[in-house]
There are 2 protein chains.
Amino acid sequence: MREETRRRGLEPDASNTGEVMQDIRRALGDAAVAKLCMKTISDSGADTVVVDGVRSMAEVEEFKKSARVILLAVHASPRRRYALLRERGRSDDPLTYEMFLKRDQRELGVGISVPIALADEVISNEHRTPEEVSGQMTQIVNRWLASVAP
Amino acid sequence: MREETRRRGLEPDASNTGEVMQDIRRALGDAAVAKLCMKTISDSGADTVVVDGVRSMAEVEEFKKSARVILLAVHASPRRRYALLRERGRSDDPLTYEMFLKRDQRELGVGISVPIALADEVISNEHRTPEEVSGQMTQIVNRWLASVAP
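Not measured: the values here are computed from a predicted model. (Residues numbered from 1 in each chain as written. Chains lettered and ligands numbered in written order. Predicted model: local features only at pLDDT ≥ 70, side-chain atom pairs only at ≥ 80, totals over all residues. Heavy atoms only, no water.)

### What to know about the packing of aromatic side chains
Residue and element names in this part refer to chain A. Evaluation of the coordinates by the stated rule reveals six aromatic pairs over all chains. Where Y82 meets F100, the ring centres are 5.3 Å apart and the plane angle is 50°; that geometry is what we call tilted. Taken together, the residues Y82 in helix α5 (residues 78-88) and F100 in helix α6 (residues 97-110) connect sequence positions 18 residues apart. On the basis of relative accessible area, Y82 is assigned to the buried category, the value being 15%. Through successive ring pairs, a cluster of aromatic residues spans Y82, Y97 and F100. (Phe/Tyr/Trp six-rings, centres within 6.5 Å; stacked < 30°, edge-to-face > 60°. Helix = DSSP H or I, 4+ residues; strand = E, 2+ residues; numbered from the N terminus. Buried < 20%, exposed > 50% of the residue type's maximum accessible area, 1.4 Å probe, protein only.)

Spelled out as structure tokens, the structure:
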């Protein structure tokens, strides 16, 4: 989204990337972003891929058309997510708690809570270091890879 | 819901309790069930209460009107939840995986995924015993009670 926002000659801040996301969805449907990703994935030739930042079940269903998918949710409370975003400070991150809540509402409107609820696995990022979360993710993915190995 | 379904002279099976829930929401709004609960809670005189089975943020907001609330999600994959329901075998539990998925869609339609996504804490019930989940819940609730103690 940030890439596409820049391509359109706009600053990739929270408001513009949000607008661009909604515009692309309106034009290409709910699975639009997943369709764009699938092209990049196919071109890469990789047989195992991690996709970060799914926003709706439509996207998950799109990936399931051409791959076996494990859906992993990394969960944190709104308060904790806001603190982590402030630490990260990326160009499209919301600047105030009010903007953050507004972004949450926009993403909930797209359906982001459904893949969280229907995930195959959930990890809490409430009280853990990035290293601990990352270790848990690797463990889950490895277990899953072993279970679907040909 | 099962109580109310029986009161209406209907068998409290999966289909009837679902219908009754939707009927009550249509009549009394999205927070209907929470409003009914709040009456029971006030009557009890208890100062700390655990409410199980929240279905939407409207219900959470209703509770927040008269209490400090910690929102705790216990998460499991659809496959795991179905297995647990089959073990429990309550009168209103779905009998087939298709009925289960239909119930999920109905509850997602009410907005059940939003309080999961916006929860203050999440516990995974994917690979744990009931005792382990229960222990984690107690730990989280006690930590929270200590933090809001007067």
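So, next bit.
### As for the interface of chain A and chain B
For interface size, the figure often reported is the accessible area lost on association. Contacts between the two partners involve 20 residues from chain A and, on the opposite side, 20 residues from chain B. Note on chain A versus chain B: buried area summed over both sides is about 1700 Å², and carbon and sulfur give 61% of it. Inspection of the chain A/chain B interface yields zero salt bridges. Connecting chain A to chain B are nine residue pairs in polar contact (both at pLDDT 80 or more). (Contact = heavy atoms within 4.5 Å. Buried area = accessible area lost by both parts, 1.4 Å probe. Salt bridge = Lys/Arg side-chain N within 4 Å of Asp/Glu carboxyl O. Polar contact = N/O pair within 3.5 Å; in protein donor to acceptor, adjacent residues only side chain to side chain.)

### A few points about the nonpolar core
Of all hydrophobic cores here, the largest spans 27 residues; its most connected members are M57 of chain A together with M57 and F63 of chain B. When residues of this core are traced back to their parent elements, those giving at least two are α4 (57-64) and α7 (113-117) of chain A together with α3 (32-44), α4 (57-66) and α7 (113-117) of chain B. Other than its neighbours up to four places away in sequence, F63 of chain B contacts A34, C37, M38, I41, V51, V54 and V69 of chain B. (Core = buried A, V, L, I, M, F, W, Y, C linked by side-chain atoms within 4.5 Å.)

### Some thoughts on the pattern of salt bridges
Scanning all chains against the criterion turns up 22 salt bridges over all chains. A salt bridge links E59 of chain B to R25 of chain B; its shortest N-O distance comes to 2.7 Å. Of this pair, E59 of chain B sits in helix α4 while R25 of chain B sits in helix α2 (residues 14-28); the two residues are 34 residues apart in sequence, bridging distant segments of the chain. R25 of chain B carries the same exposure label as E59 of chain B, and that label is buried. For R88 of chain B, the salt bridge identified is with D93 of chain B, shortest N-O distance 2.6 Å. Connected through salt bridges with shared partners, the residues E4, R7, R8, D23 and R26 of chain A form a single ionic network.

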